[in-house]
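A structural walkthrough
Take a look at the letters that make up each chain.
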Amino acid sequence: MDWGTIIFGVLALASVVLIIQAILQMRVPIEDEDDDQPALATPAQAKGDAGADQDARGEEPEEPAPKPEQQPEPEGSKKKDRKKVDSAEEQRRLSKGLAKTRGGFIAKLGSLFRGKRELDAKMLDEVEEILFTADIGVHTSQELLDNIRKELGKQELNSPEAIWGHIKQRSAEILDQPGAGALSVKGKIKPFVILVIGVNGTGKTTTIGKLAARFRDEGHKVLLAAADTFRAAAVDQLQIWGDRAGAEVVSGKEGADPSSVIVDALKRAKELDVDVVLADTAGRLHTKADLMDELQKVGRSISKWVEGAPHETVLVLDSTMGQNAIAQARLFKEAMDISGIILTKLDGTAKGGVVLGICHELQLPVRYIGIGEQVDDLRAFEPRAFVEALYEDADADGGQG
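First, a word on what this report is: a plain description of the structure on this page. (Residues numbered from 1 in each chain as written. Predicted model: local features only at pLDDT ≥ 70, side-chain atom pairs only at ≥ 80, totals over all residues. Heavy atoms only, no water.)

A few words on the overall build of the protein chain. Check the secondary structure of the protein chain and you find 16 helices and 8 strands. Of all 401 residues assigned to the protein chain, the portion counted as buried reaches 43%. Partitioning the intrachain contacts of the protein chain with sequence separation of at least 6 by distance along the chain shows that 78% fall at a separation of at least 24. By element, 52% of the accessible surface of the protein chain is carried by carbon and sulfur atoms, the whole surface being about 22,200 Å². (Helix = DSSP H or I, 4+ residues; strand = E, 2+ residues; numbered from the N terminus. Buried < 20%, exposed > 50% of the residue type's maximum accessible area, 1.4 Å probe, protein only. Contact = heavy atoms within 4.5 Å. Areas by Shrake-Rupley, 256 points an atom, 1.4 Å probe, with all protein chains shown as cover.)

This paragraph deals with unusual backbone geometry. Peptide bonds are trans in most cases, and residues, glycine excluded, mostly fall at negative phi. The omega torsion across Lys190 and Pro191 is -10°, close enough to zero to call that bond cis. The topology assignment puts Pro191 in the loop between helix 8 (160–175) and strand 1 (192–197). With an omega dihedral of -5°, the bond running from Ala309 to Pro310 counts as a cis peptide bond. Note that Pro310 resides in the loop between helix 12 (288–305) and strand 5 (312–318). Positive phi values are uncommon outside glycine, yet Asp273 reaches one of about 55°. Relative to the helices and strands, Asp273 resides in the loop between helix 11 (258–272) and strand 4 (276–280). Notably, Lys345 is not glycine yet its phi reads approximately 60°, a positive angle.

All right, on to the packing of aromatic side chains then. A complete count under the given rule lists 3 aromatic pairs for this structure. Seen in terms of ring centroids, Trp164 and Tyr391 are 5.9 Å apart; in terms of plane orientation they differ by 70°. Their pairing is edge-to-face. Within this pair, whereas Trp164 is found in helix 8, its partner Tyr391 is found in the loop between helix 15 (383–390) and helix 16 (392–397), the two being separated by 227 residues in sequence. For Tyr391, a relative accessible area of 1% puts it in the buried group. One aromatic cluster is present, built from ring pairs that chain together Phe113, Trp164 and Tyr391. Lying over the aromatic face of Trp241, Arg244 brings its terminal NZ or CZ to 4.7 Å of the ring centre. (Phe/Tyr/Trp six-rings, centres within 6.5 Å; stacked < 30°, edge-to-face > 60°. Lys NZ or Arg CZ within 6 Å of the ring centre and 35° of its normal.)

Attention now goes to the sheet that holds strand 2 (residues 222–226). By way of backbone hydrogen bonds, the strands of a sheet pair with one another, either parallel or antiparallel. Sheet architecture is open: 8 strands sit in the order 3-2-4-1-5-6-7-8, paired in mixed fashion. The strands lining the two open edges of the sheet, one partner per strand, are strand 3 (248–251) and strand 8 (378–380). The sheet shows a mean angle of 25° between the axes of neighbouring strands, direction not considered. For strand 1 and strand 4, the ladder comprises 4 bridges, and the chain directions are parallel. Bridging across to strand 4, Phe192 finds its partner in Val276. (Pairing = 2+ DSSP bridges. Axes fitted to C-alpha atoms, helices over the stretch in contact; angles between N-to-C directions.)

Written out as structure tokens, the structure is:
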């Protein structure tokens, strides 16, 4: 290769390099002209740039505006909302528990009234028949009918819908006896003695166990007296409930004197500083007279050991007994100073209307009702809530076409 060829190659290579440099220099201003919009800065970069500008002007950097604080929901509002939810759920459970009771005379009246717009004499006769064959009792049925006839001439009581409203209102008045609702032992004498009476099979012992659990949940110290000594299974059953509720059970030998068992329980209650004593009692003896005599003896024994005791005497009735439950209540009331009723097994019968007869004829308040097997299915009786649940389907169907 001669020198001429070498020199020509070097010059050609140099020319290429110069051309590339020129092109690169031309591209920079072209890119600047096309990039009209500034690149988006990150929040950190933007904050840094703004701070630098403020520092250059000698200004204090502005503090970022505080984010609006989320206002906490008022505690009272939360409690109200929870109460609304709890109340609605409780009413739903009560309504469900009274489904079979609604299947009694209320369902029959609902069937009679359904689709009717006016009330005539024939329909009133049918109302009378339904009420008198119901389990609310003869006297209560008569009172409701007399009231309906008395008001029938008024314009507002010429339709089945108005009759429903009238029966519902009168039912609420009958059930709203003084003392209705939960027993209160707070601030009362210690021990507060509750004597629980009733025949065997009503759910008396189970009810005592559920009451013990309720009082325990309310923060009270509870003791149980197993004074149904004539039924061995009653003591064992009460012991099981006592274990569940964390309550000591005082019992005696089978066939022991019930009064002595309760006295022993009261002595033990004072030693342990117990708040509430729940005393089970005999539910069956050879004759009714023997049973009533035994209960009266128990009452006298208790009063000697604790002032004013028994402070409550609660009668447990099985709602499935219908009008027989009214007869039982009348018998016990003749022997004992009953302060309230506990009506059990309402979820399993169409005869729950008996509660109207008990309250109307005997003027006794209902303390609790049983609508299921669980502990919290023993509910404090609320007359208005009970009536709303009892006539629930009637409100939907009565007087409507």
